[in-house]
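# Breakdown of the fold
Residues per chain, in single letters:
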Amino acid sequence: MNKFQLFFHHLFRFIWNLIFVICYPILASFGILFIGITYVFSLISSVLMRIKPEGRKVVLKDVEWETLPFSNDLLEAKLFKQIMFGPSGFKLRRKDGVPTVLSDFVFGNKVRIIDEGFIIEKWNSTESKNLPDFDICLYNPEEDSLKSLTNIKCFDWHVSEKVDNELSFKWFDGTQGGEVKVAL
């Protein structure tokens, strides 16, 4: 390199080093600030989770039968299959030991109680590529019968109303929703 090129080389190297020395503390401070803010929000989230009532929390272990919440202490559930980034499928049985039609199928963990029995979702397939595909069923514990009410292709559903002998289900799959009315 000639002296002219060498001069510009040293000048630009000096400017680059000056920029780096001035900006590095700012960038490092921003990184530390970002990590600190993330840590504070994590602490706030954990405190808020402790405040949340425990009655709604459902954690079922892989190996044990546990009482299914909202089932009037009648049904037990055991994890059958966990879909990655999706729902869990469960085997159900009666807690009182009576043989039941429920043992032949896989169900979701949604249970709704009405006067006629339990509204549960019976999976038609346990393959993740075929989900969601399940039947909303009515389980009558007195007769040990399982009656299919309707087929729904999304996980976000709820019983919207019950009028006389008719149930209305509302569903939403992320882009569209609808309502299905069925007779009991």
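Below or above, wherever it landed, is the structure these notes cover. These figures come from a predicted structure and were not determined experimentally.

## Some points on helix α1 (residues 3-51)
Taking 1.5 Å of rise per residue, 49 residues should cover 72 Å, and α1 covers 71 Å from first to last C-alpha, within 8% of that figure. Where α1 bends most, at Cys23, the angle is about 35°, and the proline Pro25 comes one to four residues later. With a side-chain oxygen lying 3.3 Å from the backbone nitrogen of Phe4, the N-terminal cap of α1 falls on Asn2.

## Details of the environment of Thr67
Within the secondary structure layout, Thr67 lies in strand β1 (residues 66-67). Thr67 gets classed as partly exposed once you look at its relative accessible area, which sits at 31%. Sequence spacing of Thr67 and Ala77 is ten residues, and the spatial spacing of their C-alpha atoms is 6.3 Å. Here Thr67 is in contact with Asp73, Leu75, Glu76 and Lys95, once residues within four sequence places are set aside.

## Digging into the pattern of salt bridges
Here the structure, examined in full by the defined rule, presents three salt bridges. The salt bridge involving Arg93 is made with Glu76; its shortest N-O contact spans 2.7 Å. Here the residue Arg93 occupies a position in strand β3 (residues 88-94), and Glu76 occupies one in strand β2 (residues 75-82), the gap between them amounting to 17 residues. Judged by its relative accessible area of 33%, Arg93 is partly exposed. Measuring nitrogen to oxygen at the nearest pair gives 3.2 Å for the salt bridge that ties Glu116 to Lys162. Taken together, the positions of Glu116 in the loop between β4 (107-114) and β5 (117-123) and Lys162 in strand β8 (residues 157-163) put the pair 46 residues apart, joining distant regions of the chain. Judged by relative accessible area, which is 27%, Glu116 ranks as partly exposed. Residue Lys162 is classed as partly exposed on the basis of its relative accessible area of 34%.

## Re the pairing of β8
Summarising the sheet, β8 and strand β9 (residues 166-172) pair through six bridges and their orientation is antiparallel. In the sheet register, Trp157 faces β9, and the bridge partner there is Trp171. In this antiparallel pair of consecutive strands, β8 and β9, the connection spans two residues, and Asp164 shows a positive phi of 50°.

## Focus: the pairing of β9
Taken residue by residue, a regular strand's side chains alternate between the two faces of the sheet. The pairing of β9 with strand β10 (residues 177-183) spans seven bridges and is antiparallel. Among the inter-strand pairings, Glu166 is bridged to a residue of β10, identified as Ala183. In this antiparallel pair of consecutive strands, β9 and β10, the connection spans four residues, and Gly174 shows a positive phi of 110°.

## Structural notes on unusual backbone geometry
A positive phi angle, near 50°, is found at Asp164, a position not held by glycine. Here Asp164 shows up in the loop between β8 and β9.

## Observations regarding the sheet that holds β9
The strands making up a sheet associate through backbone hydrogen bonding, with each pair oriented either parallel or antiparallel. Spatially, three strands are ordered β8-β9-β10 in an open sheet, and the strand pairing comes out antiparallel. Both outer strands of the open sheet, β8 and β10, are each paired with one neighbouring strand and no more. The sheet shows a mean angle of 20° between the axes of neighbouring strands, taken without regard to direction.

## Points about a negative patch on the surface
A grouping of Glu161, Asp164, Glu166 and Glu179 is seen on the molecular surface, where their side chains present a negatively charged patch. Structurally, Glu161 is set in strand β8. On the basis of relative accessible area, Glu161 is assigned to the partly exposed category, the value being 39%.

Rules of the game
Residues numbered from 1 in each chain as written. Predicted model: local features only at pLDDT ≥ 70, side-chain atom pairs only at ≥ 80, totals over all residues. Heavy atoms only, no water. Helix = DSSP H or I, 4+ residues; strand = E, 2+ residues; numbered from the N terminus. Expected span 1.5 Å × (residues − 1). Bend = angle between axes of the 7 residues up to and from the residue. Polar contact = N/O pair within 3.5 Å; in protein donor to acceptor, adjacent residues only side chain to side chain. Buried < 20%, exposed > 50% of the residue type's maximum accessible area, 1.4 Å probe, protein only. Contact = heavy atoms within 4.5 Å. Salt bridge = Lys/Arg side-chain N within 4 Å of Asp/Glu carboxyl O. Pairing = 2+ DSSP bridges. Axes fitted to C-alpha atoms, helices over the stretch in contact; angles between N-to-C directions. Patch = residues over 30% accessible without salt bridge, like charges linked within 9 Å, V, L, I, M, F, W, Y side chains within 5 Å. Areas by Shrake-Rupley, 256 points an atom, 1.4 Å probe, with all protein chains shown as cover. Lys, Arg positive; Asp, Glu negative; His and termini not counted. Charge placed at Lys NZ, Arg CZ, Asp CG, Glu CD.

Honestly, that's just the spatial picture; any functional story needs more than this.
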